[in-house]
Amino acid sequence: MALILLGVGATFTSMNIALDQYGRWGARIFPLAGSLSLVALGLAELWGARGKPAPTLDRQYLPAIFALLALAVAYVWVMAQFGYLISTALAAPLALWIFGVRNVIGLLAAAVLCPAAYHLIFFELLGVFPPFGRWFDLLDVFGWY
């Protein structure tokens, strides 16, 4: 039920994202798709859980849950101060580390490929730009805005 409620709330919030200058949905597409996916996954979980006892929380995962929450808060703060590229280059490998990835090459690849891929998808293809960092921003240095 939590996934369904979260998805419904996120769907309504996604619909409040302004249309682009041409009247297209541009910036709404990914949030809306993610929101509707949450609703669909919540319904699938609810359907599959019929007649089964409620699962219990395995306490061994609590540190990872709180680490991801702390990373999300830190990511938003670092993005506001240092911009998108630096924050994403730091957050992507840290998220993988929390999920158990320990391959140094994979973590370094995530630090480079995630900002590049998200830049291509959101900035170049969708025209959705993040706010510039207050203190410093590599996008401003490279002129990629």
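Scroll up to find the structure.
Given the structure is predicted, the values throughout are model-derived calculations rather than measurements.

### Looking at helix α1 (residues 2-15)
Part 1 of the reasoning: Taking 1.5 Å of rise per residue, the 14 residues of α1 would be expected to cover 20 Å, and the 20 Å separating its terminal C-alpha atoms lies within 8% of that figure.
Part 2 of the reasoning: All of the buried residues along α1 are I4, G7, T11 and S14. Across the axial projection of α1, the buried residues extend over an arc of 90°, all falling on one side. Facing away from the buried side of α1 by more than 90 degrees, the exposed set consists of A2, L5, L6, F12 and T13.
Part 3 of the reasoning: Elements that come into contact with the buried residues of α1 comprise α2 (29-48).

### Some thoughts on α2
Part 1 of the reasoning: End to end, α2 covers 28 Å across 20 residues, agreeing with the expected 28 Å (1.5 Å per residue, within 8%).
Part 2 of the reasoning: Taken residue by residue, α2 has L32, S35, V39 and G42 as its buried positions. In an axial view of α2, the angular spread of the buried residues amounts to 90°, which keeps them on one side of the axis. Turned more than 90 degrees off the buried face of α2, the exposed positions are L41, E45 and W47.
Part 3 of the reasoning: Buried residues along α2 sit in contact with α1.

### Things to note about the side chain of R28
Part 1 of the reasoning: By the element assignment, R28 lies in the loop between α1 and α2.
Part 2 of the reasoning: Residue classification places R28 among the buried positions, given a relative accessible area of 11%.
Part 3 of the reasoning: If near-sequence neighbours (up to four positions away) are discounted, R28 is found in contact with S14, M15, I17 and L19.

### Digging into the environment of G127
Part 1 of the reasoning: Among the structural elements, G127 can be located in the loop between α5 (104-125) and α6 (138-142).
Part 2 of the reasoning: We classify G127 as partly exposed; its relative accessible area is 42%.
Part 3 of the reasoning: Distance from G127 to D20, taken between C-alpha atoms, is 8.5 Å for residues 107 residues apart in sequence.

### As for a nonpolar patch on the surface
Part 1 of the reasoning: A contiguous nonpolar patch, built from M15, L19, W25, I29, F30, Y118, L120, I121 and L125 and spanning about 830 Å² of accessible area, is present on the exposed surface.
Part 2 of the reasoning: If you list the elements that add at least two residues to the nonpolar patch, you get α2 and α5.
Part 3 of the reasoning: For I29, the position within the fold is in helix α2.

### Observations concerning the environment of A91
Part 1 of the reasoning: Its place among the elements puts A91 in helix α4 (residues 84-98).
Part 2 of the reasoning: As for A91 and L71, which are separated by 20 residues in sequence, their C-alpha atoms are 7.0 Å apart.
Part 3 of the reasoning: With residues up to four places along the chain from it excluded, the contact list for A91 reads L71 and Y75.

Basis of the calculations
- Residues numbered from 1 in each chain as written.
- Predicted model: local features only at pLDDT ≥ 70, side-chain atom pairs only at ≥ 80, totals over all residues.
- Heavy atoms only, no water.
- Helix = DSSP H or I, 4+ residues; strand = E, 2+ residues; numbered from the N terminus.
- Expected span 1.5 Å × (residues − 1).
- Buried < 20%, exposed > 50% of the residue type's maximum accessible area, 1.4 Å probe, protein only.
- Arc of directions from axis to C-beta.
- Contact = heavy atoms within 4.5 Å.
- Patch = residues over 30% accessible without salt bridge, like charges linked within 9 Å, V, L, I, M, F, W, Y side chains within 5 Å.
- Areas by Shrake-Rupley, 256 points an atom, 1.4 Å probe, with all protein chains shown as cover.
- Salt bridge = Lys/Arg side-chain N within 4 Å of Asp/Glu carboxyl O.

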